[in-house]
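# Overview (structure and organization)
Chain by chain, the residues run as shown.
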Amino acid sequence: MMMPAGETIATLTALAYLVSGVLFILALRGLSSPETSRTGNRFGMLGMLIAVGTTMATHDAVALPHLVLAIAIGGAIGFFIARRIAMTAMPQLVAAFHSLVGMAAVVVGAAAYANPAAFGILDALTREIHQASRVEMGLGVAIGAITFSGSVIAFLKLNGNMSGKPILLPGRHVINLGMLAAILGLVAYFVGDQSAWVFWTITALSFLIGFLLIIPIGGADMPVVVSMLNSYSGWAAAAMGFTLHNTAMIITGALVGSSGAILSYIMCRAMNRSFLSVIAGGFGAEAASGGGEAKEQRPWKRGSAEDAAFLMKQADSVIIVPGYGMAVSQAQHALREMADLLKKEGVSVKYAIHPVAGRMPGHMNVLLAEANVPYDEVFELEDINSEFAQTDVAFIIGANDVTNPAAKTDKSSPIYGMPILDVANAKTVLFVKRSMGGVGYAGVDNDVFYMDNTMMLLADAKKMVEDIVKALGH
Amino acid sequence: MDFIAILSIFVLACFVGYYVVWSVTPALHTPLMAVTNAISSVIIVGALIAAAEAESPAAQWLGLVGVLLASINIFGGFAVTERMLAMYKKKDRK
């Protein structure tokens with residue numbers, strides 16, 4: 001069958017975008033296990049190459065040198081950052097990358113508004129933009145702008161440029177809902193009137209609401225925020241895909257959108273909180289002050305690095321529970337060394353990870369992997385929780401709320417109902433913590449500190465582990 | 001393509017995404033975020049189209065900025081994912 005040349009090219013182009021969409025699905029599919037993950041990543045790269053190559057080949061690129069230059073500069077910056085970034089800074093990096101996707105969506109939306117003919121969304125008769133495209137464009141720009149400004153705030157909070165404490169404006173729910181309604185109303189109005197002021201007001205309001213939405217959320221709720229922004233960046237790409245009728249963009253947007261949504265759901269479930277309550281923000285702001293008065297002096301035991309080394313050397317099994325504190329003090333390498341020495345003594349060492357430990361999903365796993373901890377020694381909450389009862393030593397380093405039994409017993413506790421690691425069931429608990437004064441993010445005291453079989457190891461996490469390593473050496 | 005065809009692709013892709021992502025092992029959730037970040041920069045396609053068409057200088061400049069931003073993400077996202085995935089190792093069999 002013969003087709004006119006133009007039609008053949010259009011068909012081939014559409015096929016190429018479909019192939020790259022499928023390759024992106026395979027990229028995520030590869031992540032089902034560490035063995036297949038790197039192949040998956042290569043599929044992703046190939047998919048991107050095909051998508052970019054197809055676009056460049058099918059448009060007379062008058063500006064080809066400019067394009068290549070822009071890709072080369074951007075690529076070099078991205079590559080450099082990716083090579084240099086510390087693994088502990090991964091949450092900030094991901095937030096920063098999300099902001100770029102959001103901004104790119106805004107810029108593409110603005111370009112489509114400025115030159116609709118290039119995108120094939122101009123009505124030949126009326127010389128106006130198709131009405132359906134206006135809705136897609138409006139939504140795409142709005143989601144992109146929210147992703148950008150929200151991610152910038154998330155980055156500043158994670159990077160420590162801005163206090164992690166929630167900042168609460170009076171009447172913020174009314175303000176936010178009002179702005180959201182205004183944005184949606186303007187998108188609807190945009191269908192009837194494609195004036196520039198409508199487009200730019202949508203964009204400006206969306207930038208503003210992105211800031212306002214993330215400002216009241218802090219600390220341990222960041223994993224949800226990062227996942228949620230991940231999801232938004234996907235929906236922004238999908239909305240642009242609708243505008244451009246591009247299958248690669250639509251498939252990818254849907255994949256990324258659902259991926260971020262599922263991660264947010266997993267994080268919320270791990271904290272036993274509803275997505276809405278996280279988004280509403282303010283968690284931990286009041287609790288910190290309330291905890292102060294109730295605090296009576298309860299006896300607790302302090303241990304030294306030598307005591308800890310002795311106890312663990314005598315043990316048959318040790319489970320290590322890492323948390324954000326390990327990331328902050330970069331203790332993962334020293335921790336691996338400690339585990340190696342213990343294994344030499346014939347002790348079985350495992351790691352237990354709570355889904356919300358750290359500041360992003362999977363944060364602890366990456367840090368342990370960086371320190372060369374084999375991934376088959378690292379277990380998720382459901383898989384290891386029953387083992388604490390048969391374990392000699394639970395070694396908790398920089399985690400607090402995720403081990404707090406109040407989540408099971410105290411109905412009035414802000415963390416009530418959250419699934420926890422049952423460290424209290426172990427014969428001995430070693431708790432590495434900077435000082436007795438600070439309580440976890442939720443601002444609740446932890447009964448584990450005061451148990452008879454608990455020994456508090458008060459020091460910087462890395463320093464303490466290094467001292468234990470020295471003591472084990474003797 | 002008509003709207004319904006595009007919508008069908010979108011809805012089905014959401015379902016594919018749902019099942020594929022649930023099968024991702026929790027240990028790889030951070031690389032998952034990094035790689036989804038990289039692939040969502042496929043939005044570069046839109047930026048390239050805008051930058052390649054000459055009629056509107058404003059759109060061209062916006063397109064170039066979009067290409068630059070998305071390229072940072074594409075190269076950075078894939079490279080950092082690769083770096084992370086290379087660190088996941090099994091126990092050495094001695």
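Here's a quick rundown of the structure. The structure displayed is predicted, hence computed values, not measured ones.

### Notes on the packing of aromatic side chains
Residues and elements named next belong to chain A.
- According to the stated counting rule, one finds 14 aromatic pairs over all chains in the structure shown.
- Their ring planes at 70° and their centres at 6.0 Å tell us that F449 and Y450 sit as a pair that is edge-to-face. With respect to class, F449 is no different from Y450; both count as buried.
- Sitting above the plane of the F379 ring, K350 keeps its charged end 5.4 Å from the centroid.
- The ring of Y324 has R359 sitting right over it, with the charged end atom 3.7 Å from the ring centre.

### Some details on the nonpolar core
Residues and elements named next belong to chain A.
- Ranked by internal contacts, the top residues of the largest apolar core, which has 192 residues, are M312, L335, M338, F395, I397 and I468.
- If one sorts the elements of this core by residue count, helix 9 (residues 247-271) sits on top with 14 residues.
- Non-local contacts of M312, meaning those with residues more than four positions away in its chain, are made with V318, M338, L342, V347, V393, F395, L430 and I468.

### Some remarks on the pattern of salt bridges
- Counted by the stated rule, this structure contains 13 salt bridges over all chains.
- Residue B:E82 is joined to A:R38 by a salt bridge in which the shortest nitrogen-to-oxygen separation is 3.6 Å. Remark: A:R38 occurs in helix 2 (residues 34-58) and B:E82 occurs in helix 4 (residues 57-87); the pair is interchain, linking two chains.
- Residue class for B:E82 comes out buried when judged on its relative accessible area of 15%.
- Residues A:K408 and A:D422 are paired through a salt bridge, measuring 2.7 Å at the closest nitrogen-oxygen approach. Placement of A:K408 in helix 17 (residues 406-409) and of A:D422 in the loop between helix 17 and strand 5 (428-433) is noted, with a sequence separation of 14 residues between them.
- A:K408 sits in the partly exposed class, given a relative accessible area of 49%.
- Taking relative accessible area as the criterion, A:D422 reaches 16% and is therefore assigned buried.
- A network of salt bridges, in which partner residues are shared, links A:R336, A:D340, A:K343 and A:E377.

### Some thoughts on the side chain of A:T391
- Locating A:T391 in the fold gives a position in the loop between helix 16 (381-384) and strand 4 (393-397).
- Not counting residues up to four positions away in its chain, the partners in contact with A:T391 are A:S317, A:V318, A:I319, A:A426 and A:K427.

### A closer look at the interface of chain B and chain A
- Across the boundary between the two partners, chain B contributes 78 residues, which contact 104 residues of chain A.
- Taken together, the links from chain B to chain A amount to two salt bridges.
- On inspection of chain B and its partner chain A, the count reaches 16 residue pairs in polar contact (both at pLDDT 80 or more).
- Looking at the side of chain B that touches chain A, the elements with two or more residues in it are helix 1 (3-22), helix 2 (29-40), helix 3 (44-52) and helix 4 of chain B.
- Top contributing element to the side of chain B that touches chain A by residue count: helix 4 of chain B, with 27 residues.
- Classifying every residue of the side of chain B that touches chain A gives 52 nonpolar, 19 polar and seven charged.

### A few points about a nonpolar patch on the surface
- On the surface, A:Y265, B:F3, B:I4, B:L7, B:V11, B:F15, B:Y18, B:Y19 and B:W22 cluster together into a nonpolar patch covering about 920 Å² of accessible area.
- Per-element tally for the nonpolar patch: the top contributor is helix 1 of chain B, with eight residues.
- B:V11 sits in the partly exposed class, given a relative accessible area of 36%.

### Re the sheet that holds strand 2 (residues 348-353) of chain A
All names here are of chain A.
- Within the open sheet, the six strands sit side by side as 3-2-1-4-5-6. Their pairing is parallel. In this open sheet, the two strands that pair with only one neighbour each are strand 3 (378-380) and strand 6 (454-458). Averaged over all pairs of adjacent strands, the angle between strand axes in this sheet comes to 25°, irrespective of strand direction.
- The strands touched by helix 14 (residues 332-344) are strand 1 (317-322), strand 2 and strand 4; relative to strand 2, the strand with the most contacts, the crossing angle is about 145°.
- Its contacts with the sheet put helix 18 (residues 461-473) on strand 4, strand 5 and strand 6, and the angle it makes with strand 4 is roughly 140°.

### A closer look at the pairing of strand 1 of chain A
All names here are of chain A.
- Burial of strand 1 is extensive: six of the six residues sit out of reach of the surface.
- Side chains S317, I319 and V321 project from strand 1 onto one buried face, and the interleaved V318, I320 and P322 project onto a second face that is buried too.
- In terms of strand pairing, strand 1 meets strand 2 through four bridges, oriented parallel. For I320, the partnering residue across the bridge sits in strand 2 and is Y351.
- Note that strand 1 and strand 4 share five bridges and pair parallel. When the bridges of strand 4 are listed, P322 appears paired with I397.

### Concerning the pairing of strand 4 of chain A
Residues and elements named next belong to chain A.
- Burial analysis of strand 4 places five of its five residues in the buried class, which makes it a mostly covered element.
- Side-chain alternation along strand 4 places V393, F395 and I397 on one buried face and A394 and I396 on a second face that is also buried.
- Across five bridges, strand 4 lies against strand 5 in parallel orientation. Bridge pairing in strand 5 links A394 to V429.

### So, the side chain of A:K157
Residue and element names in this part refer to chain A.
- Tracing the chain through its elements places K157 in helix 5 (residues 131-158).
- Nearest to the buried, unbridged K157 among oppositely charged side chains is D221, at 9.4 Å.
- In this view, K157 contacts M162, S163, G164, K165, P166, I214, I215, I217, G218 and M222; residues no more than four positions away in its chain are not counted.

Rules behind the numbers
Residues numbered from 1 in each chain as written. Chains lettered and ligands numbered in written order. Predicted model: local features only at pLDDT ≥ 70, side-chain atom pairs only at ≥ 80, totals over all residues. Heavy atoms only, no water. Phe/Tyr/Trp six-rings, centres within 6.5 Å; stacked < 30°, edge-to-face > 60°. Buried < 20%, exposed > 50% of the residue type's maximum accessible area, 1.4 Å probe, protein only. Lys NZ or Arg CZ within 6 Å of the ring centre and 35° of its normal. Core = buried A, V, L, I, M, F, W, Y, C linked by side-chain atoms within 4.5 Å. Helix = DSSP H or I, 4+ residues; strand = E, 2+ residues; numbered from the N terminus. Contact = heavy atoms within 4.5 Å. Salt bridge = Lys/Arg side-chain N within 4 Å of Asp/Glu carboxyl O. Polar contact = N/O pair within 3.5 Å; in protein donor to acceptor, adjacent residues only side chain to side chain. Nonpolar A, V, L, I, M, F, W, Y, C, P; charged D, E, K, R; others polar. Patch = residues over 30% accessible without salt bridge, like charges linked within 9 Å, V, L, I, M, F, W, Y side chains within 5 Å. Areas by Shrake-Rupley, 256 points an atom, 1.4 Å probe, with all protein chains shown as cover. Pairing = 2+ DSSP bridges. Axes fitted to C-alpha atoms, helices over the stretch in contact; angles between N-to-C directions. Lys, Arg positive; Asp, Glu negative; His and termini not counted.

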